[in-house]
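# Structural characterization, general
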Amino acid sequence: MEATFTDLNTPARLLLGPGPSLVPPRVLRAMATPTIGHLDPAYLSVMDETMALARYVFQTQNPFTLVLPGTGSAGMEAALYNFIEEGDPVLVCVAGYFGERICEMVTRARGDLRRVDAPWGQVVTPAQVEAALKERPAKLVAIVHGETSTGIAQPLHEIAEVVHRHGALLLVDTVASLGGVSVPVDEIGIDICYTGSQKCLSAPPGLAPITIGPRAEEALANRKSKVQSWYLDLTLLRKYWGPERVYHHTGPANMIFAMREALRIVHEEGLEARFARHAACAQMLYEGLEEMDMSMLVAPEHRLASLTTVCAPAGMDEMAVRKRLMAEYNIEIAGGLGVFKGTCWRVGLMGHSARPENVVTLLGALRKVILQ
Ligand SMILES: *Cc1c(COP(=O)(O)O)cnc(C)c1O
């Protein structure tokens, strides 16, 4: 072969998009720990500690809490496929791009899909869910907590009450929020909840923590058919993560080392302090953007601290601004999705990225780019 291949030399970016977020050096060092076998007693205790730390972040006592190999979408697929059998009635609350993705997966799982829709940038109301369930009961109701395409934080307490009163299971996507905004799984009564490693937890992409409550465990035990996906079959996965330690897949040891360290950082900081830091950084960002005459897309009471959608000034080429931010300042932010494509930016202040110095750097760079 003629070609020569240089050392890997990608730039270090300031990651302020909707994920991945900056990974703390401690997590990268943990990841470089020598690989060990997936049934090595030393690895098994790392798995146990990772599960305990995941329970802390989910604010749950659920014994059935583990970390899936795969990104946030693997969490979504596991959450849906394990609880849907052919023809099961499923209600999905859709207020953005990831709600749509859930619908697509429900259909592929051969569930009988119904949906309630809210306009992008708004929340789904308990009354909408109630009306839909009165019209037709569902086995499962799925909803996104932090909708990354719009920057809304979906209120969950009242919807959970409605869902349970109608005898359904509540499934919540917290990929963009867990670890940055409080999601008290047990207090709300969420039955199935998953997240991703690379957003507010600030580990590299590739893992999806998931937790399953007692009602959902029972539903799983009562399945009549096998889960379509062997790889994401939670019953099999639990036999590897639980006391039986039955081989299922080769545990991605270095990824789990990274996850454990990222969760340990969350635990050291403490959830309350972490949520307060995310809220304070988001507030700083809103104020800085407003000073530049830009307005947030979402009403203040529904904003997701970890992800802000902001309208670009009228007539401005939003993509050109993003390109300059990256080329000249090494900063990554994202453009709008779906109905906000071409008119908005999405700024993530997630996990290790949510620090005042990063907000100031972004605001300064944005000012330069917009004024020139
Ligand atoms: C990012 C994201 C996902 C998908 O996660 P991947 O890691 O990209 O597979 C799902 N839901 C929400 C709300 C997200 O923000």
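None of the values given here were measured: they were computed from a predicted structure.

### Side note on the overall build of the protein chain
Scanning the protein chain for helices and strands turns up 13 helices and 14 strands. Radius of gyration (C-alpha) of the protein chain: 21 Å, near the 21 Å computed for a compact globule of 372 residues. Intrachain contacts of the protein chain at a sequence separation of at least 6 include 73% that bridge at least 24 residues. Summed over all atoms, the accessible surface of the protein chain reaches about 15800 Å², with 56% contributed by carbon and sulfur. Distance from the positive charge centre (34 side chains) to the negative charge centre (40 side chains) of the protein chain: 3 Å.

### Side note on the domain arrangement of the protein chain
Here the domain parsing of the protein chain yields domain 1 (14-19 + 271-371) and domain 2 (25-267). Taking the mean C-alpha position of each, domain 1 and domain 2 sit 27 Å from one another. Contacts between domain 1 and domain 2 engage 23 residues on the former and 30 residues on the latter. Of the roughly 2100 Å² buried at the junction of domain 1 and domain 2 (both faces included), carbon and sulfur atoms supply 67%. At the junction of domain 1 and domain 2, the tally comes to zero salt bridges. Element by element, the count of residues in the side of domain 1 that touches domain 2 is highest for helix α11 (residues 271-291), at four residues. Tallied by class, the residues present in the side of domain 1 that touches domain 2 amount to 11 nonpolar, nine polar and three charged.

### Topic: the nonpolar core
With 92 residues, the main nonpolar core has Leu80, Phe83 and Leu234 as its most contacted residues. Here the element with the most residues in this core is helix α10 (residues 253-269); it accounts for 10 residues. When sequence neighbours within four positions are dropped, the list of residues in contact with leucine 234 reads Phe64, Leu66, Leu68, Ala78, Asn82, Phe83, Ile210, Ile212 and Leu220. Grouped together as the second largest cluster of nonpolar side chains are 36 residues, Leu304, Leu307, Val310 and Leu349 included.

### Looking at the pairing of strand β4 (residues 112-117)
Across six bridges, the pairing between strand β3 (residues 89-94) and β4 is parallel. Following the sheet pairing, cysteine 93 is matched in β4 by valine 116.

### Here's the deal with the site of the ligand
Taken together, 14 residues surround the ligand, and among them Thr71, Ser73, Thr148, Asp173 and Lys199 come closest. Measuring from a nitrogen atom of the ligand, one finds a side-chain N or O atom of aspartate 173 at 2.7 Å. With respect to the ligand, the side chain of glutamine 198 contributes an N or O atom lying 2.7 Å from an oxygen atom. Protein chains shield 89% of the accessible area of the ligand, which is 380 Å² for the free molecule.

### Section: the packing of α10 against α11
What describes two packed helices is the angle between their axes and the distance between those same axes. One can describe the packing of α10 onto α11 by two numbers: an axis separation of 6 Å at closest approach and a directional angle of 95°. Here α10 is positioned roughly perpendicular relative to α11, judged by the angle of their axes. Of α11, the residues touching α10 (which contributes Ile265, Val266 and Glu269) are Leu271, Ala273, Arg274 and Arg277. For the contact of α10 with α11, the class distribution of residues is four nonpolar, no polar and three charged.

### Comments concerning the sheet that holds strand β10 (residues 207-212)
Strand order in this open sheet of seven strands is β2-β10-β9-β8-β5-β3-β4, and the pairing throughout is mixed. Where the open sheet ends on each side, the last strands, each with one partner, are β2 (65-69) and β4. Between one strand axis and the next, the sheet turns through 20° on average, direction left out of account. Bridge count between β2 and β10: five bridges; the pairing is antiparallel. Each residue of the ladder has a partner; that of threonine 65, found in β10, is threonine 211. Sitting on the sheet, helix α3 (residues 72-81) is in contact with β2, β5 (140-144), β8 (169-173), β9 (192-194) and β10, with an inclination near 30° to β10.

### Focus on helix α13 (residues 356-371)
Compared with an ideal rise of 1.5 Å per residue, which puts 16 residues at 22 Å, α13 spans 22 Å between its outermost C-alpha atoms and is within 8% of the ideal. Taken together, the buried positions of α13 are Asn358, Val359, Leu362, Leu363, Ala365, Leu366 and Val369. Against β1 (14-15), α11, α12 (318-329), β12 (331-332) and β14 (344-348) lie the buried residues of α13.

Cut-off values and rules
Residues numbered from 1 in each chain as written. Predicted model: local features only at pLDDT ≥ 70, side-chain atom pairs only at ≥ 80, totals over all residues. Heavy atoms only, no water. Helix = DSSP H or I, 4+ residues; strand = E, 2+ residues; numbered from the N terminus. Rg over C-alpha atoms; globule rule 2.2 N^0.38 Å. Contact = heavy atoms within 4.5 Å. Areas by Shrake-Rupley, 256 points an atom, 1.4 Å probe, with all protein chains shown as cover. Lys, Arg positive; Asp, Glu negative; His and termini not counted. Charge placed at Lys NZ, Arg CZ, Asp CG, Glu CD. Domains from an automatic or database assignment. Buried area = accessible area lost by both parts, 1.4 Å probe. Salt bridge = Lys/Arg side-chain N within 4 Å of Asp/Glu carboxyl O. Nonpolar A, V, L, I, M, F, W, Y, C, P; charged D, E, K, R; others polar. Core = buried A, V, L, I, M, F, W, Y, C linked by side-chain atoms within 4.5 Å. Buried < 20%, exposed > 50% of the residue type's maximum accessible area, 1.4 Å probe, protein only. Pairing = 2+ DSSP bridges. Near = heavy atom within 4 Å. Polar contact = N/O pair within 3.5 Å; in protein donor to acceptor, adjacent residues only side chain to side chain. Axes fitted to C-alpha atoms, helices over the stretch in contact; angles between N-to-C directions. Parallel < 35°, antiparallel > 145°, perpendicular 65-115°, else oblique. Expected span 1.5 Å × (residues − 1).

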